[in-house]
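Secondary and tertiary structure notes
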Amino acid sequence: MSKDKKKLTIVQRMFIAVILGIAVGVGCIFVRNAIGADSEAWTLINQALFVDITSADGVSGLGLFYIISELFMHMLQVAIVPLVLVSLALSLCNLAQPEKLGRIAVRTIVTFVCFYVVAATLAGTIAYLVAQTGVFDVTLPESEIVETTTVDTYNPLSVIVSIVPNNMISSMSNNNSVLAVCFLGIVIGICMSRMGEKAATLQKLFESIDELVQMFVNFVLDKLGPFCIFCMITRSLAVYGTDYLGPAAAWIVTTMVTCFVLAFTLYPLIVFLVTRLNPFTFARKIAKVALFGAATQSSAATMPLNMKTCVGELGCAEDVTSFILPTGMSIHMNGTTTMQIIAVTFIGTAAGVEMTPALIATAALVSIAVAMGTPPIPAAGATLISAVMLGAGLSSPLCFVGYSLTLALNYVPGMAVMPMNVVDDAAASVVVSHLEGTLNKDVYNS
């Protein structure tokens, strides 16, 4: 008999952590109600496990679950700046190599940006309308309302000024300056590509930093993630009750429905508007690619099938497809952006923040920049929700309660996010091939 035991995947362990966290958290609620929230026994349990040790009530407490939760969040946050800066710089550096420059590259980048803007606009509108129905609202305990954040009224155009930092070092020392970090990553990446061999040493340094950060994030998520998620969900339920579960389920449903609908309506419509070809043909032929992406949740694993479908069934030029699909896998993630925008709207609303159109637009802008630098590591899109949160000014403890749920439950909406990520690349391949005059319409219509 083999002594080797099949190791559970990170998704399976996260799922188990969520179930156990909900079970133990609900159990704590029953215990608190049975013995009384003001009883000596519950006070002892709360002080030992759940109390916020930075608050006045937690001065003499242990707060074990609080400490574990905070340490986990800090370990993810410490990776935000290097992760975004280095990944974005390397993506643009590799994209803009001289041998890849030209008309196809320019049209590809323009198409990607247009797709991002349209998808983010629709996602932000849907997120705002859903939030207005109240499904993301959470009835907060009176003792916690003081922790809600308020975002001051401001002109949305002021975001433009904050994109360009006046101090490189200070902008990289603050997680709230994500847009400035994205700007630096773009500038560094483009400059590295123009410098050629002169930037080879810097590029190798960035690649080493990228590998180091990815190794660290993988370790945190794989080795510590399930247990920390268990602690966070247990504490969230014990302290805030079960009110977060309904809004979290609404986030999942909203994300999945939005991504699936956009994947099979937005991109076929764009293909029709640009090429005047039958949009239903595109939707029918790309459906198997979307389903494969949902099953594998990997754009890399889906790329061979996507390549075969684009060239063999949609009539795309092979040179165009060979450039767009690998490039899109790195910097073109409309599904990830859609998920992050809806997630941040849920997180802010549940934490008592009024998510105005201007604030959602800010989150959308940050999300587009972050998605372009999202590295190909497990749960990277969900992990970087925190970067979008901080970029939009959502940093209260209650915001991180919602974030812990989105991080733990990201696999389910990911089944809709990945199909959108691969379908948008196929649509871009059709559009650019048409603009190049190399789209085989006979193959497309066959």
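I will try to describe carefully the structure that is included in this document. Along each chain, residues carry numbers from 1 onward, in the same order as the chain's sequence is written. With pLDDT at 70 or above as the cut-off, local features in this predicted model cover only qualifying residues; side-chain atom pairs require 80 or more to be listed or tallied, and sums for whole chains, interfaces and linings still use all residues. Processing note: side-chain calculations cover all non-hydrogen atoms of the structure and skip hydrogens and water entirely.

Here the focus is empty space enclosed by the protein. Here a cavity is any set of points on a 1 Å grid over the protein atoms alone where a 1.4 Å probe fits but cannot get out, and a pocket is any open set with protein on both sides within 12 Å along at least 5 of 7 lines; a residue lines the site when it has an atom within 4 Å of a point. Grid points are joined across faces, edges and corners, and a volume is the space filled by probe spheres set on the points. Counted under the stated rule, the structure contains 2 cavities of 30 Å³ or more. Its volume calculated, the largest cavity comes out at about 60 Å³. If you trace the largest cavity, you find it lined by Ser 299, Thr 302, Met 303, Asn 306, Leu 325, Met 329, Val 422 and Asp 425. Sorting the residues of the lining of the largest cavity by element identifies helix 12 (299-312), helix 13 (318-331) and helix 19 (411-436) as the ones contributing at least two each. Among the elements that line the lining of the largest cavity, the one with the most residues is helix 12, at 4 residues. A breakdown of the residues in the lining of the largest cavity according to their chemical character gives 4 nonpolar, 3 polar and 1 charged. Within the residue set of the lining of the second largest cavity, elements represented by two or more residues are helix 9 (200-240) and helix 18 (397-408). Numbering goes from the N terminus for both helices and strands, where a helix is a DSSP run of H or I of at least four residues and a strand is a run of E of at least two. Among the elements that line the lining of the second largest cavity, the one with the most residues is helix 9, at 4 residues. Residues are sorted three ways: Asp, Glu, Lys and Arg are charged, Ala, Val, Leu, Ile, Met, Phe, Trp, Tyr, Cys and Pro are nonpolar, and all the rest, Gly among them, are polar.

Each reported salt bridge corresponds to a side-chain nitrogen of Lys or Arg within 4 Å of a carboxyl oxygen of Asp or Glu. Tallied over the entire structure, the rule returns 4 salt bridges. Across the pair Lys 223 and Asp 222 runs a salt bridge, and its minimum N-O distance is 3.7 Å. With a closest N to O distance of 2.9 Å, Glu 313 and Lys 288 form a salt bridge. Here the residue Glu 313 occupies a position in the loop between helix 12 and helix 13, and Lys 288 occupies one in helix 11 (residues 279-296), the gap between them amounting to 25 residues. Given a relative accessible area of 35%, Lys 288 falls into the partly exposed group. Three exposure classes are used, based on accessible area relative to the maximum for each residue type with a 1.4 Å probe and protein chains only: buried under 20%, partly exposed in between, and exposed over 50%.

Turning our attention to the side chain of Thr 254. In this fold, Thr 254 is placed in helix 10 (residues 245-275). We call two residues contacting when some pair of their heavy atoms lies within 4.5 Å. If sequence neighbours within four positions are ignored, Thr 254 has contacts with Ile 126, Val 130, Phe 136 and Ile 342.

For the second largest pocket, the calculated volume is near 750 Å³. Elements represented by at least two residues in the lining of the second largest pocket include exactly helix 4 (80-95), helix 5 (103-132), helix 8 (178-195) and helix 15 (357-372). Of all the elements, helix 5 adds the most residues to the lining of the second largest pocket, at 12 residues. Residue classes in the lining of the second largest pocket are distributed as 28 nonpolar, 4 polar and 1 charged.

Let's shift gears to the packing of helix 3 (residues 64-77) against helix 9. For the pair helix 3 and helix 9, interaxial distance at closest approach is 9 Å and the crossing angle is 145°. Judged by the sense of rotation from one axis to the other, the crossing of helix 3 with helix 9 is left-handed. A breakdown of the residues in the contact of helix 3 with helix 9 according to their chemical character gives 17 nonpolar, 3 polar and 1 charged. Between the N-to-C directions of two axes lies an angle of 0 to 180 degrees, each axis being a line fitted to C-alpha atoms and, for a helix, fitted only over the stretch in contact. Two helices cross in a left-handed way if the nearer one is turned anticlockwise from the farther one by less than a right angle. They cross in a right-handed way if the turn is clockwise.

All right, on to the environment of Thr 309 then. Along the chain, Thr 309 falls in helix 12. The exposure class assigned to Thr 309 is buried, which follows from its relative accessible area of 0%. Sequence separation between Thr 309 and Val 289 is 20 residues, and the spatial gap between their C-alpha atoms is 7.8 Å. Leaving out residues up to four positions away in the same chain, Thr 309 has contacts with Lys 285, Ile 286, Lys 288, Val 289 and Leu 314.

Glancing now at the nonpolar core. Counting residues in each nonpolar core, the largest one holds 138 residues, and the members touching the most others are Phe 72, Tyr 267 and Phe 282. In terms of residue count, helix 9 provides more of this core than any other element does, 15 residues in total. When residues no more than four places from it in sequence are discounted, the contact partners of Phe 282 are Tyr 267, Pro 268, Val 271, Leu 314, Val 423, Ala 426, Ala 427, Val 430 and Tyr 444. Residues grouped as a nonpolar core are buried Ala, Val, Leu, Ile, Met, Phe, Trp, Tyr and Cys residues, joined through side-chain atoms within 4.5 Å.

Those residues of helix 2 (residues 40-50) that fall on the buried side of the exposure criterion are Trp 42, Gln 47 and Phe 50. The buried residues of helix 2 occupy an angular sector of 135° when the element is viewed end-on, so they sit on one face. Exposed residues lying more than 90 degrees from the buried face of helix 2 are Glu 40 and Leu 44. Here the arc refers to the directions that run from the helix axis out to each C-beta atom.

Below, the discussion takes up the packing of helix 13 against helix 19. Two elements in contact, helix 13 and helix 19, have axes separated by 9 Å at closest approach and are oriented at 145°. In the packing of helix 13 onto helix 19, the handedness of the crossing is right-handed. Where helix 13 abuts helix 19, its residues Val 320, Thr 321, Ile 324, Leu 325, Gly 328 and Met 329 lie against Asp 425, Ala 426, Ala 428, Ser 429, Val 432, Ser 433 and Glu 436. Grouping the constituent residues of the contact of helix 13 with helix 19 by class yields 7 nonpolar, 4 polar and 2 charged.

Counting through the fold element by element, Asp 210 comes out in helix 9. The exposure class of Asp 210 is buried, given its relative accessible area of 14%. Among residues more than four places away in sequence, those in contact with Asp 210 are Val 86, Ser 87 and Leu 90.

Before going further, it helps to examine the environment of Met 418. By the secondary structure assignment, Met 418 is in helix 19. Residue classification places Met 418 among the buried positions, given a relative accessible area of 13%. A sequence separation of 159 residues divides Met 418 from Cys 259, and the C-alpha atoms of the two residues are 8.8 Å apart.

Turning our eyes to something else, we now look at the packing of aromatic side chains. To describe a pair of aromatic rings, one takes the distance between the centres and the angle between the planes. Two rings from Phe, Tyr or Trp (for Trp, the six-membered ring) form a pair when their centres sit within 6.5 Å of each other. Planes less than 30 degrees apart are called stacked, planes more than 60 degrees apart edge-to-face, and all others tilted. All told, the structure shown has 8 aromatic pairs when counted by the stated rule. Pairing Phe 136 with Phe 346 gives two aromatic rings, centres 5.8 Å apart and planes at 65°, and the pair type is edge-to-face. Of the two residues, Phe 136 sits in the loop between helix 5 and helix 6 (158-163) while Phe 346 sits in helix 14 (residues 334-350), which places them 210 residues apart along the sequence. Classification of Phe 346 by relative accessible area gives buried; the value is 0%. By way of ring pairs, the aromatic residues Trp 42, Phe 50, Phe 65, Phe 227 and Phe 230 are connected into one cluster. Above the ring of Phe 272, the side-chain terminus of Arg 276 is found at 5.3 Å from the ring centroid. Criterion for a charge above a ring: Arg CZ or Lys NZ at most 6 Å from the ring centre, at most 35 degrees from the ring normal.

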